[in-house]
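# Remarks on the overall topology
Listed here are the chains, written in short residue letters.
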There are 2 protein chains.
Amino acid sequence: MKIDINQRILSAHDAKTAQNKHLLAAKRIVTINLMGSPGAGKTSLLEGVMSLLSPELRVGVIEGDLFTTKDAERVAALGIPAVQINTRGACHLDGSMMEGALAQLSLDEIDLLIIENIGNLVCPAEFDLGEDFRLCLLSVTEGEDKITKYPLMFKDANAVVLNKVDLLPYVDFGLEQFYQDLTLLNPQVSILEVSCRTTAGLPELADWIKQCVAAKRQEMAIASIQEKG
Amino acid sequence: MKIDINQRILSAHDAKTAQNKHLLAAKRIVTINLMGSPGAGKTSLLEGVMSLLSPELRVGVIEGDLFTTKDAERVAALGIPAVQINTRGACHLDGSMMEGALAQLSLDEIDLLIIENIGNLVCPAEFDLGEDFRLCLLSVTEGEDKITKYPLMFKDANAVVLNKVDLLPYVDFGLEQFYQDLTLLNPQVSILEVSCRTTAGLPELADWIKQCVAAKRQEMAIASIQEKG
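Keep in mind it's a predicted model, so treat the numbers as computed, not measured.

Below, the discussion takes up the overall build of chain A. The helix and strand inventory of chain A stands at eight helices and seven strands. Computed over the C-alpha atoms, the radius of gyration of chain A is 17 Å, within 12% of the 17 Å expected from 2.2 N^0.38 for a compact globule of 229 residues. Dimensions of chain A, computed from the C-alpha atoms along their principal axes, are close to 55 × 50 × 40 Å. Looking at chain A as a whole, 55% of its 229 residues are labelled buried. Across chain A, the fraction of contacts at a sequence separation of at least 24, relative to all contacts at a separation of at least 6, is 71%. For chain A, the exposed surface amounts to about 9700 Å²; the carbon and sulfur share of it is 53%. Seen as two clouds, the 21 positive and the 31 negative side-chain charges of chain A have centres 4 Å apart.

The structure is reproduced here in structure tokens:
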């Protein structure tokens, strides 16, 4: 019975997600789903990397949060189009919420859409939002054991960004264990070390994002030629 | 429809929780539900406070985790009876899981049961596990904005423990804003500052726990006399 209920919720979500994905592809928008714990630094990461992505990329942001509009306000303060989704207590974003947010963005003016998911290492991992890339953020203050304790979050990530590396001297983070566990769980993952506070590593992260966008756009262009042919 | 499904899941949970609560009361066990983000320091808190609670209190621990048994092993290494619940990916503990875990503990040998919930600021807040007290842990590295962003977690807490205060000089945590937002949201809450790393504040936390246990036991004793009378 429990499985039936979950399947029904998931299949409604999947139908909306397929529709959103189709719309994003038609607009040639590349999408990144940014996930991590509360306080891992997701919004700070967006604030830090945004100026490094322009002028090449026109970025739009969807901000997921339970109740407040604080994060969308922080991103909008940078002059970036940002839409806030308030889940009113729900623990992840889903296809219907995404549909509503996409309707509020000028999609013709966006190359890259970044979705900042709810701060949660559990539930968001199970909901594909139609993204092209998954970027998971972990901060050194959370501990290296999070990789093995929340494997669903980290096993499908295209990149894991280790944040707050400026605090490494003050915490007991097992850096070697982190690399070992993560590459065992997800051998293809890109791993980047950053500090949003000092800005260390943010240029490399911006390069990684640009490379992802370029690769995806090439893929889209080839698909478009094949469709026409 | 969605509401119906949720109500059905919740009412099955509630029935189990009522049953667990009855069992715990019959055994005169006081229960604390310990919640917080991944990496807030829940298990470290248990490790730090445990020796300060004995010999007055005989403690048992239920450890919630998605997949691993790491946390229960850490607690058991202290000689404390600990049962691991693996939710296999689920984002919170519920009444049925609690029932299974309680069956594995020698309840006649426990005065205080601490339940370490799944690392998650969202979902566990909605599931009463029959606890007498809710203890929510927030670390300074997560940011003071978590109080207003995750209000369901903090508004019903009996105590909020602010962890990692040794890192305050190295992070941008708004301590004043934290106190202001938290006491506005939850005027009755006890607030304790600790560092599990330096052990600062742990004796005060142990005292708070002992006072809670003493108060609840007195309440239980009075209820028992009234029942007999």
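Attention shifts here to the interface of chain A and chain B. Listed per partner, the contact involves 40 residues of chain A and 40 residues of chain B. Together, the buried faces of chain A and chain B total about 3200 Å²; carbon and sulfur atoms form 58% of this surface. Across the contact surface, chain A and chain B share six salt bridges. Among the secondary structure elements, those contributing two or more residues to the side of chain A that touches chain B are helix H1 (2-26), helix H3 (70-76), helix H5 (146-149) and helix H6 (151-155) of chain A.

To continue, consider the pairing of strand E4 (residues 112-116) of chain A. All names here are of chain A. E4 sits mainly inside the fold: five of its five residues count as buried. Side chains Leu112, Ile114 and Glu116 project from E4 onto one buried face, and the interleaved Leu113 and Ile115 project onto a second face that is buried too. Bridging between strand E1 (residues 30-36) and E4 involves five bridges; their strand directions are parallel. Counterpart to Ile32 in the pairing with E4 is Ile114. With five bridges joining them, strand E2 (residues 59-65) and E4 adopt parallel strand pairing. Paired with Gly60 across the two strands is Leu113, which belongs to E4.

Turning our attention to helix H2 (residues 42-53) of chain B. Residue and element names in this part refer to chain B. Across its twelve residues, H2 extends 16 Å between first and last C-alpha, which sits within 8% of the 16 Å expected from 1.5 Å per residue. Taken residue by residue, H2 has Lys42, Thr43, Leu45, Leu46, Val49, Met50 and Leu53 as its buried positions. Along the axis of H2, the buried positions cluster into a sector of 135°, meaning they face one direction only.

This part is about the relation of the copies chain A and chain B. By a simple turn and slide, chain A fits onto chain B: the slide is 0.0 Å along the axis, the RMSD is 0.0 Å, and the turn is 180°. Both copies of the chain, as the preceding transformation shows, are related through a two-fold rotation axis. When C-alpha distances to the rotation axis are compared across chain A, the minimum falls at Asn120(A), with a value of 3.0 Å. With an isologous cut-off of 70% or more, the 100% of interface residues of chain A that recur at the interface of chain B puts this contact in the isologous class.

Residues and elements named next belong to chain A. As summarised here, the arrangement of the seven strands in space is E3-E2-E4-E1-E5-E6-E7, forming an open sheet in which the pairing is parallel. Of all strands in the sheet, those with a lone pairing partner are strand E3 (82-86) and strand E7 (190-193), marking the two edges. Ignoring which end each strand starts from, the neighbouring axes of this sheet average 20° apart. Bridge analysis of E1 against strand E5 (residues 133-139) gives five bridges, and the strand direction is parallel. Residue pairing in the sheet places Asn33 in a bridge with Arg134 of E5. Most of the contacts of helix H4 (residues 95-102) go to E3, to which it runs at about 145°, and overall it touches E2, E3 and E4.

As a further point, take the packing of helix H2 (residues 42-53) of chain A against helix H8 (residues 202-228) of chain A. Residues and elements named next belong to chain A. The contact between H2 and H8 brings their axes to 9 Å, and the two run at 65°. Between H2 and H8, the interaxial angle falls into the category roughly perpendicular. The handedness of the crossing between H2 and H8 is right-handed. Facing H2, whose interface residues are Leu45, Gly48, Val49, Leu52 and Leu53, H8 presents Leu202, Pro203, Leu205, Ala206, Ile209 and Lys210.

All names here are of chain B. Read across the open sheet, the seven strands follow the order E3-E2-E4-E1-E5-E6-E7; overall the sheet is parallel. Lying at the two open borders of the sheet, with one neighbouring strand each, are strand E3 (82-86) and strand E7 (190-193). Across the sheet, the mean angle from the axis of one strand to that of its neighbour is 20°, orientation sign disregarded. Relative to E3, helix H4 (residues 95-102) is tilted by about 145°, and along the sheet it contacts strand E2 (59-65), E3 and strand E4 (112-116). Its contacts with the sheet put helix H7 (residues 175-185) on strand E5 (133-139), strand E6 (159-163) and E7, and the angle it makes with E7 is roughly 160°.

Reading the values: the criteria
Residues numbered from 1 in each chain as written. Chains lettered and ligands numbered in written order. Predicted model: local features only at pLDDT ≥ 70, side-chain atom pairs only at ≥ 80, totals over all residues. Heavy atoms only, no water. Helix = DSSP H or I, 4+ residues; strand = E, 2+ residues; numbered from the N terminus. Rg over C-alpha atoms; globule rule 2.2 N^0.38 Å. Buried < 20%, exposed > 50% of the residue type's maximum accessible area, 1.4 Å probe, protein only. Contact = heavy atoms within 4.5 Å. Areas by Shrake-Rupley, 256 points an atom, 1.4 Å probe, with all protein chains shown as cover. Lys, Arg positive; Asp, Glu negative; His and termini not counted. Charge placed at Lys NZ, Arg CZ, Asp CG, Glu CD. Buried area = accessible area lost by both parts, 1.4 Å probe. Salt bridge = Lys/Arg side-chain N within 4 Å of Asp/Glu carboxyl O. Pairing = 2+ DSSP bridges. Expected span 1.5 Å × (residues − 1). Arc of directions from axis to C-beta. Least-squares fit on C-alpha atoms with pLDDT ≥ 70 in both. Axes fitted to C-alpha atoms, helices over the stretch in contact; angles between N-to-C directions. Parallel < 35°, antiparallel > 145°, perpendicular 65-115°, else oblique. Left-handed = near helix turned anticlockwise from the far one by under 90°.

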